[in-house]
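If you want the building blocks of each chain, they are given just below.
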Amino acid sequence: MLGKMPENEKQAVLREMLEEFAGKDFELKILRGLAREKTPDEMKIIDLVNERSNEVLAKYELPESIVPPDNFCVINKDDWRLGDKDAISLPALQTIAMRDFGSNTGFAAVGLHELFHFKSLNTLQMAIGEGEMPSVYRAGLIVANRFTEEEYFKNKYPKTGKRYVDRYFNNLNEAVTEELVKRFILDPVVRENPLFKYELEETERLKREYGEVRYKSGEKFFPDDVYWAKEDAEGNLSGRILTYPQERRILNALIDRLFEINKGQFKEREQVFDVFAKAMFSGNILPLGRLIDGSFGEGIFRKIGELDDSLNQQEEFVNAL
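What you are looking at is a predicted structure, and each value in this text was computed from that prediction instead of being measured. (Residues numbered from 1 in each chain as written. Predicted model: local features only at pLDDT ≥ 70, side-chain atom pairs only at ≥ 80, totals over all residues. Heavy atoms only, no water.)

Asks: So what exactly am I meant to see when it comes to the side chain of Ser-120 here?
Replies: Structurally, Ser-120 can be placed in the loop between α4 (104–119) and β4 (122–123). Judged by relative accessible area, which is 6%, Ser-120 ranks as buried. In this structure the side chain of Ser-120 is engaged in a polar contact, spanning 2.6 Å, whose partner is the backbone oxygen of Phe-116. (Helix = DSSP H or I, 4+ residues; strand = E, 2+ residues; numbered from the N terminus. Buried < 20%, exposed > 50% of the residue type's maximum accessible area, 1.4 Å probe, protein only. Polar contact = N/O pair within 3.5 Å; in protein donor to acceptor, adjacent residues only side chain to side chain.)

So, in structure tokens, the structure goes:
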């Protein structure tokens, strides 16, 4: 928490976060109305994803909340400043910023993903003490690491002096979030909703027709669980929305193993997933840590987090448990 920090210092931390995520002028661009007017369909979708996210919160006995349409900023592609990133949740500004997808399905999937981040625990931490560097961000399962001054300057950025904050469990946080979005997209009621029905059916047609199409790198255009894609008048494919496939593989491998080991505690696999999801929304990761360490050995939970910078190593480690 920012706690009793002077107001000018609080604002400095918020500005620093903004600059880190989106560039120095991002806040001004949003606040000055760069966001375009939302369509009637997008207004309906905002109501729908608020409703779905609140259903999930209620399942985990957590308080519901509504993020109003004015807090969703849809930015035209020519004005977007986050490169390949589709969207960002900025709880400190009470804002979800998204690039313009030109798709109801894209808007719903990415909007719900960011809404889950928004409604998870979000805490600014500013621990100030002798020899400490500040840790300023906590979100969902993510835990920020604090370095001492000696560690910071000696081991991280000894010449530049750049602030460095390492974050644990970001991969699991994204995987849990996207698993919840996947449940929404696969919901038969959602798939029959006129807002999404045509786009989802067209995406399935494109998957069947172009399922083996690959980029020059060899990567398939349609890996598993692409929610939405489109074909233009010239037959060019575009618009795919990926779903954190490797992060989700790691999460699901971990859930499978935990369920196998703890069948006396859990009647069904979904109950293990619930431990992850409730930890993300409540911010209380201790039950999750106890489950993992109790199943695999002390320190394993932390070790998984320490491998966050390398998905391949993290996946190998989890698969070997």
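Asks: Is there a simple way to explain the packing of aromatic side chains in this structure?
Replies: A ring pair, where both rings are aromatic, is described by two values, the distance of the centres and the angle of the planes. Inspection of every chain in the model, using the stated rule, returns 7 aromatic pairs. With centroids separated by 6.3 Å and ring planes inclined at 25°, the aromatic side chains of Tyr-60 and Phe-281 adopt a geometry described as stacked. With Tyr-60 in the loop between α3 (40–59) and β1 (72–75) and Phe-281 in helix α10 (residues 269–282), this residue pair connects regions lying 221 residues apart in the sequence. Tyr-60 sits in the buried class, given a relative accessible area of 6%. Assessed through its relative accessible area of 5%, Phe-281 is described here as buried. Their ring planes at 65° and their centres at 6.2 Å tell us that Tyr-168 and Phe-169 sit as a pair that is edge-to-face. The burial state of Tyr-168 is the same as that of Phe-169; both residues are buried. Above the ring of Phe-273, the side-chain terminus of Arg-183 is found at 4.2 Å from the ring centroid. (Phe/Tyr/Trp six-rings, centres within 6.5 Å; stacked < 30°, edge-to-face > 60°. Lys NZ or Arg CZ within 6 Å of the ring centre and 35° of its normal.)

Asks: Explain helix α8 (residues 197–210) to me, please; I cannot follow it from the model alone.
Replies: In an α-helix there are 3.6 residues to a turn, and that puts residues three or four apart on one side. Between the first and last C-alpha of α8 there are 20 Å, a value that for 14 residues agrees with the 20 Å anticipated at 1.5 Å per step. Against the buried residues of α8 lie α4, α6 (170–186), α7 (188–191), β8 (230–231) and β9 (237–238). (Expected span 1.5 Å × (residues − 1). Contact = heavy atoms within 4.5 Å.)

Asks: Explain α6 here, please?
Replies: In this model, α6 (17 residues) spans 24 Å end to end at C-alpha, consistent with the 24 Å of a helix rising 1.5 Å per residue. Burial runs high along α6: 14 of the 17 residues are buried.

Asks: How should the sheet that holds β1 be read in this particular structure?
Replies: Two modes of strand pairing occur in sheets, parallel and antiparallel, and in both the strands are linked by backbone hydrogen bonds. Taken together, the 3 strands give an open sheet; going across it, the order is β1-β3-β2, and neighbouring strands pair in mixed fashion. Looking at the sheet topology across the chains shown, the edges are occupied by β1 and β2 (87–90). Strand-to-strand twist in this sheet, taken as the mean axis angle between neighbours without regard to direction, amounts to 15°. For β2 and strand β3 (residues 95–99), the ladder comprises 4 bridges, and the chain directions are antiparallel. Across the sheet, residue Leu-90 finds its bridge partner in β3, namely Thr-95. (Pairing = 2+ DSSP bridges. Axes fitted to C-alpha atoms, helices over the stretch in contact; angles between N-to-C directions.)

Asks: Mind showing me how you'd approach the pattern of salt bridges here?
Replies: Oppositely charged side chains are able to pair whenever their charged atoms sit close together. Taken as a whole and judged by the stated rule, the model has 21 salt bridges. As a salt-bridge pair, Glu-260 and Arg-257 come within 3.5 Å of each other at their nearest N and O atoms. Here the residue Glu-260 and the residue Arg-257 both occupy positions in helix α9 (residues 245–261), the gap between them amounting to 3 residues, near one helical turn. Here Glu-306 and Arg-302 are joined by a salt bridge, their closest N and O atoms 3.0 Å apart. Taken together, the residues span about one helical turn, with Glu-306 and Arg-302 both in helix α12 (residues 300–306) at a distance of 4 residues. Within this structure, Lys-59, Glu-179, Arg-183, Arg-248, Glu-270 and Asp-274 form a network of salt bridges that share partners. (Salt bridge = Lys/Arg side-chain N within 4 Å of Asp/Glu carboxyl O.)

Asks: Would you explain the packing of α3 against α4 in this entry?
Replies: Think of two packed helices as two axes; the pair is described by the angle between the axes and how far apart they sit. Two elements in contact, α3 and α4, have axes whose closest approach is 9 Å; the angle formed by their N-to-C orientations is 40°. Classified by the angle their axes make, α3 and α4 are oblique. Note on packing geometry: the crossing formed by α3 with α4 is right-handed. Counting all contacts with α3, which are made through Asp-41, Glu-42, Ile-45, Ile-46, Val-49, Asn-50, Arg-52, Ser-53, Asn-54, Val-56 and Leu-57, the residues of α4 involved are Asn-104, Phe-107, Ala-108, Leu-112, Leu-115, Phe-116 and Lys-119. Classifying every residue of the contact of α3 with α4 gives 10 nonpolar, 4 polar and 4 charged. (Parallel < 35°, antiparallel > 145°, perpendicular 65-115°, else oblique. Left-handed = near helix turned anticlockwise from the far one by under 90°. Nonpolar A, V, L, I, M, F, W, Y, C, P; charged D, E, K, R; others polar.)

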